[in-house]
Amino acid sequence: MIAGTAALAYLAVLIRVTSALSFFEGDGAVKVINDKTAIEEQVIKSSKLVLLGLFSEDPEECQGCDMLTKEFSKAAETLLGYGTLTVAVDCTGALPRCRGIPAALNMGGHAPSIAAFTVPFKRNPYSNKAKRPMVGFEGKANARNIQRHLTKNIPNMLMERVTSWPTPTTEGANGPQAHVLLFTDRSSSSPLYKALAYHFQ
């Protein structure tokens, strides 16, 4: 009887572990992670634009996650064109602190939660710990709004805007410097150009 109970307990754990990933199973645009080290390395210390979501497949822990994850996946597919890493943190059975979400995320531990990381990380001069600002998502949770939440928060890192030739000099203090020229007929920078400037920094 003890062996049978142990087997059932193992089966329950196995079902919980495998089912926790089913929201994004086969989704090439969303990367699922569930441990503190991966969050530290792939989100906080990442040089990429990152869209992050906290989700749980337990309806008691995360009401509406089944519908929201579909919109999250659609947004992730579009954001691939902006060089964005989209991450889903598996919080099934791990709330309220969701597998030790680092305090540096400043997201709390409730699901669902979505945040954009669009500013490079910095290190605390005293503790040397990496910290990266985030902007939490609020509003109607559809794919378009989730996508726009990230793109509207991309900082404008374009170095200079010119309207005529000659282009800026390629000579710097240490010799020739590489330049990337982006051409547009708009008076303001599009999210795509901001994303390109971010990745070229």
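Residues numbered from 1 in each chain as written. Predicted model: local features only at pLDDT ≥ 70, side-chain atom pairs only at ≥ 80, totals over all residues. Heavy atoms only, no water.

Description of the overall build of the chain
Helices and strands together make up the secondary structure of the chain, namely five helices and nine strands. Scored against the burial criterion, the 201 residues of the chain give a buried share of 36%. With the model as given, the accessible surface of the chain reaches about 12400 Å², and the carbon-plus-sulfur share is 55%. (Helix = DSSP H or I, 4+ residues; strand = E, 2+ residues; numbered from the N terminus. Buried < 20%, exposed > 50% of the residue type's maximum accessible area, 1.4 Å probe, protein only. Areas by Shrake-Rupley, 256 points an atom, 1.4 Å probe, with all protein chains shown as cover.)

Points about unusual backbone geometry
Even without being a glycine, Asn128 presents a positive backbone phi close to 65 degrees. Assignment of secondary structure puts Asn128 in the loop between strand E5 (122-123) and strand E6 (130-131). By relative accessible area, which is 48% here, Asn128 ends up partly exposed.

Section: the state of the cysteines
Inspection of the entire model under this criterion finds one disulfide. Sulfur-sulfur distance for the disulfide between Cys62 and Cys65 comes to 1.5 Å. Looking down the S-S bond of the Cys62 and Cys65 bridge, the torsion is 55 degrees, so its handedness is right-handed. Judged by relative accessible area, Cys65 falls into the buried class, the value being 1%. (Disulfide = S-S within 2.5 Å.)

Let's talk about the environment of Phe137
Position of Phe137 relative to the elements: it lies in the loop between strand E7 (135-136) and helix H4 (143-151). Look at Phe137 and you get buried, because its relative accessible area is 16%. The sequence separation of Phe137 and Ala115 amounts to 22 residues, and the corresponding C-alpha distance is 5.4 Å. Ignoring any residue separated from it by four or fewer positions in sequence, one finds Phe137 in contact with Ile114, Ala115, Asn145, Ile146 and His149. (Contact = heavy atoms within 4.5 Å.)

Details of helix H2 (residues 36-44)
Within H2 the residues assigned to the buried category are Ala38, Ile39, Val43 and Ile44. Down the axis, H2 shows its buried residues gathered within 160 degrees of arc, on one side only. Contact partners of the buried residues in H2: strand E1 (30-33), strand E2 (49-55), strand E3 (84-90), strand E4 (113-117) and E6. For H2, the N-terminal capping position is held by Asp35, with its side-chain oxygen 3.2 Å away from the main-chain nitrogen of Thr37. (Arc of directions from axis to C-beta. Polar contact = N/O pair within 3.5 Å; in protein donor to acceptor, adjacent residues only side chain to side chain.)

Here's the deal with the side chain of Ser73
As for its placement among the helices and strands, Ser73 is situated in helix H3 (residues 65-79). By relative accessible area, Ser73 is classed as buried at 12%. Ignoring anything within four residues of it in the chain, the contact list for Ser73 reads Phe24, Asp27 and Val30.

Structural notes on the packing of aromatic side chains
For the coordinates displayed, the defined rule picks out four aromatic pairs. The interplanar angle of 55 degrees and the centroid separation of 5.7 Å between the aromatic rings of Phe24 and Phe55 together place this pair among those described as tilted. Here Phe24, found in the loop between helix H1 (2-19) and E1, pairs with Phe55, found in strand E2; they are 31 residues apart in sequence, far enough to count as distant. Comparing Phe24 with Phe55 shows no difference in burial state: the two are buried. Residues Phe24 and Phe72 carry aromatic rings whose centres are separated by 6.0 Å and whose planes lie at 65 degrees to one another, so their mutual orientation is edge-to-face. Taken together, the residues Phe24 in the loop between H1 and E1 and Phe72 in helix H3 connect sequence positions 48 residues apart. In terms of burial, Phe24 and Phe72 fall into one category: buried. (Phe/Tyr/Trp six-rings, centres within 6.5 Å; stacked < 30°, edge-to-face > 60°.)

A word on the pairing of E2
Regular strands show a simple pattern: their side chains alternate between the two faces of the sheet. Most of E2 sits out of view: seven of its seven residues are buried. Residues Leu49, Leu51, Gly53 and Phe55 point to one face of E2 and Val50, Leu52 and Leu54 to the other, with burial holding for every one of them. Alignment of E2 against E3, held across seven bridges, turns out to be parallel. Residue pairing for E3: Leu54 is matched across the bridge by Val89. The parallel pair E2 and E3, bridged by H3, forms a crossover whose chirality is right-handed. Where E2 and E4 come together, five bridges link them in antiparallel fashion. Across the sheet, Leu54 pairs through a bridge with Ser113, a residue of E4. (Pairing = 2+ DSSP bridges. Right-handed = clockwise from strand over helix to strand, strands pointing away.)

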